[in-house]
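Understanding the architecture of this molecule
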Amino acid sequence: MAELTCIGTATVLLRLGPFTVLTDPNFLHRGQFAYLGKGIVSRRLTEPALSVEDLPELDCVVLSHMHGDHWDRVAKRGLDRRVRILTTTKAARALHRQKFAGAEGLRTWQSAELAKDGHTLSLTAVPGRHARGPARALLPPVMGGVLDHREPDGTLATRLYLTGDTLLIDDLREIPRRFPAIDTAVVHLGGTTLPGGLVVTMDGRQGTDLVELIRPRSVVPVHYDDYGVFKSPLSDFLAEVERRGLARLVRTVRRGDTIAL
């Protein structure tokens, strides 16, 4: 079994065989502000489909980076501080200060593994970058992740790529070389634009460029309408994939809906 439930922003609940995985936990309510660093905040425009209290027991959390629309005060207050959290090395240090003892920092291309009922689930940290040039120093390190779920006999059941909040950078070209045949790519979009016009996530064009680079069997777009700083709507991405003949790959999942992968 492989399923994805969309909660909102980049927060999805994954069920991969016996494993339950939460990504980028953002449970702020409509009207509340997320802190994006350096004094920048953005108001949430939507409601999450689930609350922290609604979550099933988690095997791990995958946190792409430490920003308020990916790890918020509600998650900090409500999640079990013993849960295993796989994230960047910098975010892991911050989580340890918040008393999340299970936080584990991964360097790019480093992997962590879970085992349950004879199944294994590995997460490999892959490249991501929130900004180019000098602006990189203003934003936290980001990781994407490739999740491989293997059956007890070693068969690869599902390979899933989480882009994280990245721009389209040359380092991403290594991902399909190391991880061919990706079943599903969960692509963070939104064209997030900070004051001064700095764009720090992929817009519709860059997201489509990534799809052409990775060539997954299916694509689930996320992170495109939940905050005022998201300036590239889902329609930008859908129009671009249609123009390039890739629309058949895209599976749009509304908040609260679950799809089989």
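Everything discussed here concerns the structure shown above.
I will try to describe carefully the structure that is included in this document. (Residues numbered from 1 in each chain as written. Predicted model: local features only at pLDDT ≥ 70, side-chain atom pairs only at ≥ 80, totals over all residues. Heavy atoms only, no water.)

This part takes up the overall build of the protein chain. Secondary structure assignment for the protein chain yields five helices and 17 strands. The globule rule puts the C-alpha radius of gyration for 261 residues at 18 Å, and the 17 Å found for the protein chain is close to it. Overall size of the protein chain, expressed as C-alpha extent along the three principal axes, is 50 × 45 × 35 Å. In the protein chain, which comprises 261 residues, the share counted as buried stands at 56%. In the form shown here, the protein chain has an accessible surface area of approximately 11000 Å², with 48% of it arising from carbon and sulfur atoms. Charge centroids of the protein chain, computed over 35 positive and 30 negative side chains, lie 6 Å from each other. (Helix = DSSP H or I, 4+ residues; strand = E, 2+ residues; numbered from the N terminus. Rg over C-alpha atoms; globule rule 2.2 N^0.38 Å. Buried < 20%, exposed > 50% of the residue type's maximum accessible area, 1.4 Å probe, protein only. Areas by Shrake-Rupley, 256 points an atom, 1.4 Å probe, with all protein chains shown as cover. Lys, Arg positive; Asp, Glu negative; His and termini not counted. Charge placed at Lys NZ, Arg CZ, Asp CG, Glu CD.)

Scanning the entire structure with this criterion turns up 18 salt bridges. Across the pair Arg44 and Asp226 runs a salt bridge, and its minimum N-O distance is 3.6 Å. Of this pair, Arg44 sits in the loop between strand S5 (40-43) and strand S6 (60-62) while Asp226 sits in the loop between strand S16 (218-222) and helix H5 (234-243), and the two are 182 residues apart along the sequence. For the pair Arg44 and Asp226, a shared accessibility class is recorded, and that class is buried. Here the salt bridges do not stand alone but share partners, grouping Arg205, Asp209, Glu212, Glu240, Arg243 and Arg244 into one network. (Salt bridge = Lys/Arg side-chain N within 4 Å of Asp/Glu carboxyl O.)

What follows concerns helix H4 (residues 204-214). Along an α-helix, residues three or four apart share an orientation, since each turn contains 3.6 residues. Burial analysis of H4 places eight of its eleven residues in the buried class, which makes it a mostly covered element. Of the residues making up H4, those classed as buried are Gly204, Gln206, Gly207, Thr208, Asp209, Leu210, Val211 and Ile214. Where H4 starts, the residue carrying a side-chain oxygen 3.2 Å from the main-chain nitrogen of Arg205 turns out to be Asp203. Backbone geometry just downstream of H4 places Arg215 in the positive-phi region, at approximately 55°. (Polar contact = N/O pair within 3.5 Å; in protein donor to acceptor, adjacent residues only side chain to side chain.)

Let's shift gears to the sheet that holds S16. If you walk across this open sheet you meet the six strands as S9-S10-S11-S12-S13-S16, and the pairing is mixed. Of all the strands in the sheet, just strand S9 (111-116) and S16 have a single pairing partner and so form its edges. Taken pair by pair, the neighbouring strands of this sheet meet at an average axis angle of 15°, ignoring direction. One ladder, built from three bridges, connects strand S12 (residues 156-162) with strand S13 (residues 184-188); its direction is parallel. Bridge pairing in S13 links Tyr161 to Ala185. (Pairing = 2+ DSSP bridges. Axes fitted to C-alpha atoms, helices over the stretch in contact; angles between N-to-C directions.)

Relative to the assigned elements, Leu238 resides in helix H5. Taking the C-alpha atoms as reference points, Leu238 and Gly207, 31 residues apart in sequence, are found 9.9 Å from one another.

With that settled, consider the pairing of strand S1 (residues 2-8). Most of S1 is tucked away: six of the seven residues are buried. Pairing geometry for S1 and strand S2 (residues 11-16), over six bridges, is antiparallel. Each bridged residue has a counterpart across the sheet, and for Thr5 the counterpart in S2 is Leu13. The antiparallel pairing of S1 with S2 creates a hairpin that spans two residues between the two strands, and Thr9 there sits at a positive phi of about 50°. Note: S1 against strand S17 (residues 258-260), three bridges, orientation antiparallel. Bridging from a neighbouring strand, Glu3 pairs with Ala260 of S17.

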